[in-house]
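Commentary on secondary and tertiary structure
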Amino acid sequence: MSSSSRQGRGAAWGLLPFSAYILLFLVLPTVIALGTGFFDADGALTLSNVEALFDPVIVQVFGNTIWVSAVTAVIGAALGAVTSYALIGANPTGLLRTMVDSASSVLAQFGGIMLAFAFIATMGASSLLTVTLREQFGVDIYGDGVWLYETPGLILPYIYFQVPLMIIVFLPALEALRPQWAEANATLGGSRGTYWLRIGFPVLAPSFIGSLLLLFANAFSSYATAAALISQGSQIVPLQIRAALTSETVLGRANLAGALALGMIVVMVVVMSLYAVLERRATRWQR
């Protein structure tokens, strides 16, 4: 057996644990979730669960989820891009850059119950901040209702982890801008505005839009933070799936969760396919 054959077989064995992980924790749950959407409670084939996706209530739930995901993705992408631009002049091994990189890595994963509790404790209906603003400054942030525990209340917590994620994925694209391009622009008499309009923005556009899509997918699939904040109703798709699985008032519709998962997967496949196309285009400029 040649050395190249042995190396190829060794590489294949090395991928085995990762392949098993993907199969057990991604492929198999996806197949089960999709499969259950085409069966009723008695195990008979049916399209009623899929047809329920066109129910006005379910359509509104998908609309709420897409709206929250889009808003937080746009705001997170804008703030993250500005922060990344401010960081490209910092020393890559300096204290500031190290602290921001470390904080972004931690905060991008800081979600779920911990994040929900942090916002409830900071700006909940009876928190110190809310009470102080109302009693000392006459500002009642909940004058029109306690929006923190409704769908609009998800925007601030989601932005909390969207901005660090944007910094992580977009900063390398900014760093890939070559100084020679700016020098060539200046040599040919171009201004700083011309450089960004003709070179910087076109080169960064695929990376920025790809990062925006990644943030959208991140928010679209988030569950734990919303589950901890919203205790009444199921205004977004992940919470609607929970309701279908655990509801004690609507029996026999647990398989509706599979149809909802199918709808989520369709949206995620479209978004991530666009992200992959843009990412491949962006990497041409980063080589």
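As shown above, the structure is provided for reference.
Below or above, wherever it landed, is the structure these notes cover. Computed from a predicted model, the values in this text were never measured in an experiment.

1. Considering the packing of aromatic side chains
Note on aromatic pairs: each is described by the distance of the centres and the angle between the planes. Here the structure, examined in full by the defined rule, presents nine aromatic pairs. An aromatic cluster of at least three residues, connected via ring pairs, comprises Tyr85, Tyr195, Trp196 and Phe201.

2. A few points about empty space enclosed by the protein
Under the definition given, this model contains two cavities of 30 Å³ or more. By volume, the second largest cavity amounts to about 30 Å³. Contributing to the lining of the second largest cavity are Thr65, Val68, Ser69, Leu154, Tyr158, Ala219, Phe220, Ser222, Ile236 and Pro238. Mapped by element, the contributors of at least two residues to the lining of the second largest cavity are α3 (56-87) and α9 (192-220). Examining the composition of the lining of the second largest cavity, we find that three residues originate from one element, α3, more than from any other.

3. Details of the pattern of salt bridges
This model, assessed by the stated rule, comprises two salt bridges. Asp101 is the salt-bridge partner of Arg97, the closest N and O atoms lying 3.2 Å from each other. Here Arg97 pairs with Asp101, and both are found in helix α4 (residues 95-107), just four residues apart, close to one helical turn. In this structure, the salt-bridge partner of Glu175 is Arg97, at a minimum N-O distance of 2.4 Å. You can see Glu175 sitting in helix α7 (residues 155-175) and its partner Arg97 sitting in helix α4, a full 78 residues away along the chain. Its relative accessible area of 41% is what places Glu175 among the partly exposed residues. On the basis of relative accessibility, which here comes to 7%, the residue Arg97 falls in the buried class.

4. Looking at the layout of surface pockets
Considering only enclosed or pocket space, the largest pocket measures out at about 450 Å³ in volume. Lining the largest pocket are 18 residues; nearest its centre among them are Ala33, Ile241, Ala261, Met264 and Ile265. Every element with two or more residues in the lining of the largest pocket is listed here: α1 (3-36), α11 (237-246) and α12 (256-283). For the lining of the largest pocket, the element with the highest residue contribution is α1, accounting for six residues. Among the residues making up the lining of the largest pocket, the classes are represented as 13 nonpolar, five polar and no charged.

5. Quick notes on the environment of Tyr142
You can see Tyr142 is positioned in the loop between α6 (128-136) and α7. Taking the relative accessible area as the measure of exposure, Tyr142 reaches 9% and is therefore buried. Between the alpha carbons of Tyr142 and Met123 there is a distance of 10.0 Å; along the sequence they are 19 residues apart. Contact partners of Tyr142, with chain neighbours within four places excluded, come to Met123, Gly124, Ala125, Thr130, Trp147 and Leu148.

6. Notes on the packing of α4 against α7
Where α4 contacts α7, the axes come no closer than 8 Å and their chain directions differ by 130°. Classified by the angle between their axes, α4 and α7 sit oblique to one another. In this structure, the crossing between α4 and α7 has a hand that is left-handed. Taking contact as the criterion, the partners of Arg97, Asp101, Ser104, Ser105 and Leu107 in α4 are, on α7, Tyr160, Phe161, Pro164, Ile167, Ile168, Leu171 and Glu175. Its residues assigned to classes, the contact of α4 with α7 shows seven nonpolar, two polar and three charged.

Calculation notes
Residues numbered from 1 in each chain as written. Predicted model: local features only at pLDDT ≥ 70, side-chain atom pairs only at ≥ 80, totals over all residues. Heavy atoms only, no water. Phe/Tyr/Trp six-rings, centres within 6.5 Å; stacked < 30°, edge-to-face > 60°. 1 Å grid on protein atoms, 1.4 Å probe; cavity = no way out; pocket = protein on both sides within 12 Å on 5 of 7 lines; lining within 4 Å. Points joined across faces, edges and corners; volume = space filled by probe spheres on them. Helix = DSSP H or I, 4+ residues; strand = E, 2+ residues; numbered from the N terminus. Salt bridge = Lys/Arg side-chain N within 4 Å of Asp/Glu carboxyl O. Buried < 20%, exposed > 50% of the residue type's maximum accessible area, 1.4 Å probe, protein only. Nonpolar A, V, L, I, M, F, W, Y, C, P; charged D, E, K, R; others polar. Contact = heavy atoms within 4.5 Å. Axes fitted to C-alpha atoms, helices over the stretch in contact; angles between N-to-C directions. Parallel < 35°, antiparallel > 145°, perpendicular 65-115°, else oblique. Left-handed = near helix turned anticlockwise from the far one by under 90°.

By themselves, these observations are geometric and do not establish any function.
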